[in-house]
Amino acid sequence: MTNSRNIAAACSLAALLLAVPAAAQESAQQPAPALEMKGAQVTTIAIDWDAARAASPGLDLPPSRDDATADARDALARLNAVTEKLLPKIAASSVPVLLPLDTAALLRDQAQGKAGDGNTYFADFHAPTFFFPGPSGYDAAFVVQPSDVAGRGLNFVRPVEVQISASAVIYELDGPAVDQGSPVPALEAEFPGIRRVLLESRLRYIFTRFGAPYFVSILCSDGERHARHISCREADQIATRFLKALRIAGGAPPAAPAPATPPTIARPERISPDFTYDPPGDLLPGTGMQGHGGRADATVYAAIRFPMAHAPAYINSQSFMNWGNCDLTGLIRLGGHGKDAAYRCRVNELRLFNDETRNYAYPWRDNFCEHRHYEVTQCPGGLGHQGEDIRPNSCKLRNEDADRCEPYQDEVVAVRDGVALRTVGNEALYLMVDAPGEHIRFRYLHMNPHMLDSAGLVSGRVLTEGEVLGPVGDYAAREGGTSYHLHFNVQVPTRQGWLYVNPYMTLVAAYERLIGARGQVVNGAALARSAAPPALPADAMVQANAEPKSAPESETRSDRKQGEDATAAAHCATRFVQGHRRRVCRIDGAEDRGRARRHHAVRAVDRRLPLKSDCARHRAGDLRARHERG
């Protein structure tokens with residue numbers, strides 16, 4: 001009897017053990033439970049307008065001849081009336097505007113009827129190249145030329161942009177804590193509590209005045225001299241001069257208080273039979289930085305229009321999917337030719353191919369915090385991909401064997417009403433949004449800068465939600481410098497200034513509105529378990545992630561000698577992409593030799609051409625046609 005019980009118990013245990021994998025497999029095939037989206041946590045700042053009025057200059061000056069209303073007795077109203085001629089719509093700012101403007105001299109000259117050129121009142125910084133006031137604060141940008149600071153021991157060779165922002169709303173992030181910065185004794189008397197912070201490649205000065213937070217920042221390079229960026233030591237000298245020149249220039253209390261709660265996230269009721277996506281933070285296995293995962297952030301930071309003009313579109317990795325270069329973490333050839341040439345990245349076991357069209361499929365996969373050497377405070381390791389890569393509607397291959405997708409086949413649109421922030425020739429286009437209870441900015445990358453110039457998409461251009469900005473490109477320092485996609489990221493003002501946040505769920509919500517149906521979450525964790533990274537020595541992974549400037553070439557050379565499982569050779573070069581040093585390699589394995597190659601020579605548009613000239617419009621517009629002709 002005892003033996004019978006033991007046998008029965010053993011059989012039951014065996015059946016249970018056999019049932020566990022089957023149940024796990026069945027659950028992996030089923031959609032995951034619905035993912036709950038959440039709105040951004042926003043704090044509204046109470047502004048001390050009485051203190052702002054008391055700090056306004058010219059209280060003892062008589063009203064000018066243009067002052068004909070009772071508002072002339074209000075110091076800020078008088079100030080706005082004068083400074084608006086240099087700073088349009090300044091009274092729209094719900095935060096007192098601080099700028100390096102000699103407002104006392106401007107008021108005096110205006111009252112005497114002898115106001116001069118506006119640039120003369122902005123100290124060393126000239127008039128701002130960008131000024132955007134609104135119901136949640138203001139943003140401004142100034143450009144400092146090397147000639148402006150000649151003889152002051154500064155050796156930078158490219159123009160330097162100084163940004164200043166003030167916000168009536170602060171986004172409270174629940175991500176990793178960041179360095180609170182260090183005090184600045186030399187400025188403490190004028191700016192009590194001011195802090196200096198070096199964060200996300202920007203030198204930042206953060207202080208509070210009139211109850212509002214203000215941020216002054218300069219993109220800089222800490223350490224060795226950077227070809228595009230000023231050193232942070234030199235940026236510090238410019239920022240200090242900028243801060244010492246700040247004066248109140250205007251602003252006014254909003255007519256209506258900003259909403260206290262974020263708007264409801266509107267989602268369609270109908271379920272899409274096609275659109276599926278993995279949860280936020282669920283990166284492709286092994287593709288995080290230094291063993292870290294992604295950022296599981298379900299926040300919808302804004303109600304936006306999806307940035308691609310048409311569906312379908314696909315969010316997934318540009319580096320660790322088919323035709324990707326594994327972001328220089330190493331790859332292993334698996335044989336084959338042309339489109340069927342297979343390989344895998346060293347960080348996982350996913351089988352990839354030299355066929356870029358395979359990436360144009362659901363489900364979506366979050367790639368915020370994916371392996372990149374950019375500073376992102378919201379990423380678990382402090383480094384990673386700053387946004388999401390989005391592939392457009394379809395891929396038109398340059399040849400039928402295997403090659404990159406043709407650019408300029410699909411359109412990119414403005415996700416909200418706002419104003420463009422972009423200098424001529426720059427690859428990055430910012431869309432700045434300042435609305436009641438909302439202060440946010442969106443960045444577009446990899447569109448052709450010559451086309452953007454020709455279309456007049458430069459600082460100050462007013463944009464409307466859904467307006468076509470231009471075609472999707474593959475531009476990263478040059479034509480064909482990356483794959484055919486749009487890089488899209490989101491920044492919000494926090495207590496540390498503007499920071500990158502994960503836009504994944506913001507894009508999911510926008511896409512659902514575009515297609516009129518709700519997506520289904522799939523169990524990405526099951527794929528992660530089935531494609532776990534291969535066992536590698538711990539020191540090998542550290543070496544692959546520690547150095548942002550180059551791939552571990554010596555390791556690649558030794559692996560190439562091992563036959564079919566050898567790591568593919570690569571022709572590498574250091575380039576600067578959006579001011580960041582990147583090591584970019586072209587795969588040159590055996591499978592590439594079987595690929596038919598075609599070189600596309602596209603004549604660059606002369607950046608010195610006038611933006612509105614017929615020649616500029618013709619050359620930029622003809623790029624699409626030349627690619628069509630091959």
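The rules behind each value
- Residue numbers run consecutively from 1 along every chain, following the written order of its sequence.
- Local features are withheld for residues below a pLDDT of 70 in this predicted model, meaning they are given only at 70 or higher, and side-chain atom pairs are given and counted only at 80 or more; totals for whole chains, interfaces and linings count all residues.
- Note that the side-chain values use all heavy atoms of the structure and ignore hydrogens as well as water.
- Put simply, DSSP marks the helices as runs of H or I at least four residues long and the strands as runs of E at least two long, and each gets a number from the N terminus on.
- The Shrake-Rupley method, run with a 1.4 Å probe, gives the accessible areas here. Residue values count only the displayed protein chains as cover.
- Our working definition of a disulfide is a cysteine sulfur pair at a distance within 2.5 Å.
- Here's how the labels work: a residue is buried when its accessible area is under 20% of the maximum for its type, exposed when over 50%, partly exposed in between, all with a 1.4 Å probe on protein chains only.
- A pair of strands counts as paired when DSSP detects no fewer than two bridges linking them.
- Expected span, for any helix, means 1.5 Å times one less than how many residues it has.
- Helix axes use the C-alpha atoms of the stretch in contact, all axes being lines fitted to C-alpha atoms, and the angles between their N-to-C directions lie in the range 0 to 180 degrees.
- Roughly parallel covers angles under 35 degrees, roughly antiparallel covers those over 145, roughly perpendicular covers 65 to 115, and oblique covers all other angles.
- Note on contacts: a residue pair qualifies if any of its non-hydrogen atoms lie within 4.5 Å across the two residues.
- Each residue is assigned to one class: nonpolar for Ala, Val, Leu, Ile, Met, Phe, Trp, Tyr, Cys and Pro, charged for Asp, Glu, Lys and Arg, and polar for all the others, Gly among them.
- By definition, pLDDT measures how confident the predictor is in each residue, and it falls between 0 and 100.
- One side-chain nitrogen of Lys or Arg within 4 Å of one carboxyl oxygen of Asp or Glu is enough to make a salt bridge.
- Centres within 6.5 Å are what make two rings of Phe, Tyr or Trp a pair, Trp counting through its six-membered ring; a difference in plane orientation under 30 degrees is then read as stacked, over 60 as edge-to-face, and the rest as tilted.
- Working rule: Lys NZ or Arg CZ, within 6 Å of ring centre, within 35 degrees of ring normal, means a charge sits over the ring.
- Working definition of a nonpolar core: buried Ala, Val, Leu, Ile, Met, Phe, Trp, Tyr and Cys residues. They are joined through side-chain atoms within 4.5 Å.
- Here a polar contact is recorded for every N or O atom pair within 3.5 Å, except that within protein the pair must consist of a potential hydrogen donor and a potential acceptor, and residues adjacent in sequence are included only if both atoms are side-chain atoms.

A.B. asks: Residues and numbers for the overall build of the chain, please.
C.D. replies: Across its full length, the chain carries 13 helices and 31 strands. Looking at the chain as shown, the accessible area adds up to about 27100 Å², and 53% of this sits on carbon and sulfur atoms.

A.B. asks: How would you summarise the state of the cysteines if you had to cite specific residues and measurements?
C.D. replies: As enumerated under the stated definition, the model contains 4 disulfides in all. The disulfide partner of cysteine 220 is cysteine 232, and the gap between their sulfur atoms is 2.1 Å. As the torsion about the S-S bond is roughly 85 degrees, the cysteine 220-cysteine 232 disulfide counts as right-handed. A residue pair is termed long-range when its members are at least 10 positions apart, and cysteine 220 in strand S11 (residues 212–221) and cysteine 232 in helix H6 (residues 232–244) qualify at 12 residues. Neither residue differs from the other here; cysteine 220 and cysteine 232 are each classed as buried. The disulfide partner of cysteine 395 is cysteine 405, and the S-S distance across this bridge is 1.9 Å.

A.B. asks: Explain unusual backbone geometry residue by residue, including any values.
C.D. replies: Omega for the bond connecting alanine 311 with proline 312 falls within 30 degrees of zero, at 0 degrees, which places this linkage in the cis form. Here proline 312 is to be found in the loop between strand S15 (299–300) and strand S16 (314–315). A cis amide bond links tyrosine 362 with the next residue in sequence, proline 363, at an omega value of 5 degrees. If you trace the backbone, proline 363 turns up in the loop between strand S19 (352–353) and strand S20 (388–391). Although it is not a glycine, histidine 446 sits at a positive phi angle of roughly 85 degrees. By the secondary structure assignment, histidine 446 is in the loop between strand S24 (438–445) and helix H7 (449–454). A residue is classified by how much of its surface remains accessible, and histidine 446, at 10% relative accessible area, is buried.

A.B. asks: I'd like to hear about the sheet that holds strand S17 (residues 331–335), residue by residue, with values.
C.D. replies: Spatial ordering of the open sheet is given by S17-S18-S19, a layout of 3 strands whose pairing is antiparallel. Two strands close off the open sheet at either side, each with one partner strand: S17 and S19. Pairing geometry for S17 and strand S18 (residues 342–345), over 4 bridges, is antiparallel. Each residue of the ladder has a partner; that of glycine 335, found in S18, is alanine 342.

A.B. asks: Go over H6, please, and point to the residues and values.
C.D. replies: Taking 1.5 Å of rise per residue, 13 residues should cover 18 Å, and H6 covers 18 Å from first to last C-alpha, within 8% of that figure. Residues of H6 that are buried: Cys232, Glu234, Ala235, Asp236, Ile238, Ala239, Phe242 and Leu243.

A.B. asks: Go over the packing of helix H3 (residues 75–83) against helix H4 (residues 103–111), please, and point to the residues and values.
C.D. replies: Between H3 and H4, the least distance of the axes is 10 Å, while the angle of their chain directions is 80 degrees. By the angle class used here, H3 and H4 are roughly perpendicular. Of the residues in H4, those touching H3 at Leu79, Val82 and Thr83 are Thr103, Leu106, Leu107 and Gln110. Residues belonging to the contact of H3 with H4 are distributed by class as follows: 4 nonpolar, 3 polar and no charged.

A.B. asks: How would you explain helix H8 (residues 504–515) if you had to name every residue and give the values?
C.D. replies: With 12 residues, H8 should cover 16 Å at 1.5 Å per step; its first-to-last C-alpha distance of 17 Å lies within 8% of that length. In terms of burial, H8 is a largely internal element, 9 of the 12 residues being buried. Those residues of H8 lying buried are Tyr504, Met505, Thr506, Leu507, Val508, Ala509, Ala510, Tyr511 and Glu512. On the buried face of H8, the contacting elements are strand S14 (271–277), S15, S16, S20, strand S27 (486–494) and strand S29 (518–521).

A.B. asks: Break down the confidence of the model for the chain for me, with residues and values.
C.D. replies: Detailed reading of the predicted coordinates is not advisable wherever pLDDT is low. For the chain, the mean per-residue pLDDT works out to 79, and 72% of the residues sit at or above 70. Predicted confidence is poor over residues 7–32, with pLDDT under 50, and the contacts of this stretch with residues over four places away or in other chains come to 9 contacts.

A.B. asks: Just give me the short version of the pattern of salt bridges, but keep the residues and values in it.
C.D. replies: Taken as a whole and assessed by the stated rule, the structure comprises 23 salt bridges. In this structure, aspartate 109 engages arginine 108 in a salt bridge whose closest nitrogen and oxygen atoms are separated by 3.8 Å. In this structure aspartate 109 comes out as buried when scored by relative accessible area, which is 13%. By relative accessible area, which is 39% here, arginine 108 ends up partly exposed. In this structure, glutamate 406 and arginine 398 form a salt bridge, with 4.0 Å as the shortest nitrogen-oxygen distance. Given the relative accessible area of 13%, arginine 398 is considered buried. A single salt-bridge network, built from bridges that share partners, covers Lys38, Asp174 and Arg295.

A.B. asks: Describe the packing of aromatic side chains, with residues and values.
C.D. replies: Following the criterion strictly, the structure yields 20 aromatic pairs and no others. Considering the side-chain rings of phenylalanine 207 and tyrosine 214, the 5.3 Å spacing of their centres and the 5 degrees angle between planes classify their relative orientation as stacked. The two residues phenylalanine 207 and tyrosine 214 agree in class, both being buried. Among the aromatic side chains, those forming a connected cluster through ring pairs are Phe275, Tyr277, Phe306, Tyr314, Tyr360, Tyr362, Trp364, Tyr504 and Tyr511. Positioned above the aromatic ring of phenylalanine 353, the side-chain terminus of arginine 358 is 3.9 Å from the ring centre. One residue, arginine 441, lies across the ring of tryptophan 498, its end atom 4.5 Å from the ring centre.

A.B. asks: Residue-level account of the nonpolar core, with values.
C.D. replies: Nonpolar side chains tend toward joint burial in soluble globular proteins. Leu99 and Ile238 are the most contacted members of the largest nonpolar core, which totals 62 residues. Setting aside residues up to four positions removed in sequence, isoleucine 238 forms contacts with Phe125, Val144, Leu154, Phe156, Val160, Val162, Ile218 and Ile230. Membership of the second largest hydrophobic core comes to 52 residues, among which are Met37, Ala313, Cys405 and Ile440.

A.B. asks: Talk me through the side chain of serine 231; I want residue IDs and the actual numbers.
C.D. replies: Within the secondary structure, serine 231 is located in strand S12 (residues 230–231). With relative accessibility at 13%, the residue serine 231 sits in the buried group. Polar contacts involving the side chain of serine 231 include one to the main-chain amide nitrogen of glutamate 234, which spans 3.2 Å. Leave out the neighbours within four places in its chain, and serine 231 touches Cys220 and Ser221.

A.B. asks: Please set out the environment of glycine 116 residue by residue, giving values where relevant.
C.D. replies: In this structure, glycine 116 sits in the loop between H4 and strand S4 (130–134). For glycine 116, a relative accessible area of 44% corresponds to the partly exposed category. Distance in space between the C-alpha atoms of glycine 116 and leucine 106 is 8.5 Å, their sequence separation being 10 residues.

A.B. asks: Describe the environment of tyrosine 362, naming the residues involved and giving the relevant values.
C.D. replies: Tracing the sequence through the fold places tyrosine 362 in the loop between S19 and S20. Considered as a pair, tyrosine 362 and tyrosine 314 are 48 residues apart in the sequence and their alpha carbons are 6.7 Å apart. When near neighbours in sequence (up to four residues on either side) are disregarded, tyrosine 362 contacts Asp274, Phe275, Thr276, Pro312, Ala313, Tyr314 and Tyr511. Here tyrosine 511 takes part through its side chain, which lies 2.6 Å from a polar atom of the side chain of tyrosine 362.

A.B. asks: For the pairing of strand S9 (residues 195–199), give the residues involved together with the corresponding values.
C.D. replies: In the sheet, strand S8 (residues 182–183) pairs with S9 via 2 bridges, with the strands oriented antiparallel. What sits directly across from serine 182, in S9, is arginine 196. As judged from the 5 bridges shared by S9 and strand S10 (residues 202–209), these two strands associate in the antiparallel manner. In the strand pairing of S10, arginine 195 is matched with isoleucine 206. Counted between consecutive antiparallel strands, the loop separating S9 from S10 contains 2 residues, among which glutamate 200 sits at a positive phi close to 50 degrees.

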